Amino acid sequence: MTIKQKVEKIKEDLDFFEDELQKYEYIIDLGKKLDALDDRYKTPENIVHGCTSQVWLICEQKEDRLYFKGTSDAIIVKGLIYIILEIFSGEKIETLKSVDMDVVYELGLSEVITPNRQSGVIGMIKKIKELAQKA
């Protein structure tokens, strides 16, 4: 699936819910699916800047693809991380380098999450692009 197709799939899932509270609860539930991140990765170089809460993001390269793991100390943010990882983890490095997408807008998250959380999502995508540039 392409990044665009993954975004569309998640948007369909979110659109299933009638109101913002249901979407919010769904995002929290997604965060519960997030794999645990070992404490040894919770270092300053793995912190995502721009987030209100603490967010750590790591990446592993396998051939020409990057695989990401992350976590946060906030439950809603864990759900947002899950969504971001679903979209971008496993993509080709060249694809990630050229990502130019407002995921907050595409998914309609602006009605659900605060502006600070929105800038955190943007910060995560920026960090993913930076990691792709270094790969």
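Conventions adopted
- Residues numbered from 1 in each chain as written.
- Predicted model: local features only at pLDDT ≥ 70, side-chain atom pairs only at ≥ 80, totals over all residues.
- Heavy atoms only, no water.
- Helix = DSSP H or I, 4+ residues; strand = E, 2+ residues; numbered from the N terminus.
- Buried < 20%, exposed > 50% of the residue type's maximum accessible area, 1.4 Å probe, protein only.
- Polar contact = N/O pair within 3.5 Å; in protein donor to acceptor, adjacent residues only side chain to side chain.
- Contact = heavy atoms within 4.5 Å.
- 1 Å grid on protein atoms, 1.4 Å probe; cavity = no way out; pocket = protein on both sides within 12 Å on 5 of 7 lines; lining within 4 Å.
- Points joined across faces, edges and corners; volume = space filled by probe spheres on them.
- Nonpolar A, V, L, I, M, F, W, Y, C, P; charged D, E, K, R; others polar.
- Pairing = 2+ DSSP bridges.
- Axes fitted to C-alpha atoms, helices over the stretch in contact; angles between N-to-C directions.

Enquirer: Can you break down the side chain of lysine 6 residue by residue, with the values?
Expert: Structurally, the position occupied by lysine 6 is in helix 1 (residues 3–15). On the accessibility criterion, lysine 6 (13% relative accessible area) is buried. In this structure the side chain of lysine 6 is engaged in a polar contact, spanning 3.2 Å, whose partner is the backbone oxygen of isoleucine 87. The residues touching lysine 6, leaving out its near neighbours within four places in the chain, are Met1, Glu86, Ile87, Ser89 and Glu91.

Enquirer: So, the layout of surface pockets: which residues are in play, and what are the values?
Expert: Quantified by volume, the largest pocket comes out at close to 330 Å³. Residue lining of the largest pocket: 19 residues in total, with Asp35, Phe68, Lys69, Gly70 and Leu85 positioned closest to the centre. For the lining of the largest pocket, the per-class residue count stands at 10 nonpolar, two polar and seven charged. Approximately 160 Å³ is the volume found for the second largest pocket.

Enquirer: Could you give me a rundown of the sheet that holds strand 2 (residues 65–72), with the residues and numbers involved?
Expert: Read from one edge to the other, the open sheet built from three strands follows the order 1-2-3, with strand pairing classed as antiparallel. Across the chains shown, the open sheet's two edge strands, defined by having one partner strand only, are strand 1 (55–62) and strand 3 (91–92). Examined bridge by bridge, strand 1 and strand 2 share eight bridges and lie antiparallel to one another. In the strand pairing of strand 2, isoleucine 58 is matched with lysine 69. Packing against the sheet, helix 3 (residues 75–88) makes contact with strand 1, strand 2 and strand 3, and its axis sits at approximately 175 degrees to strand 2.

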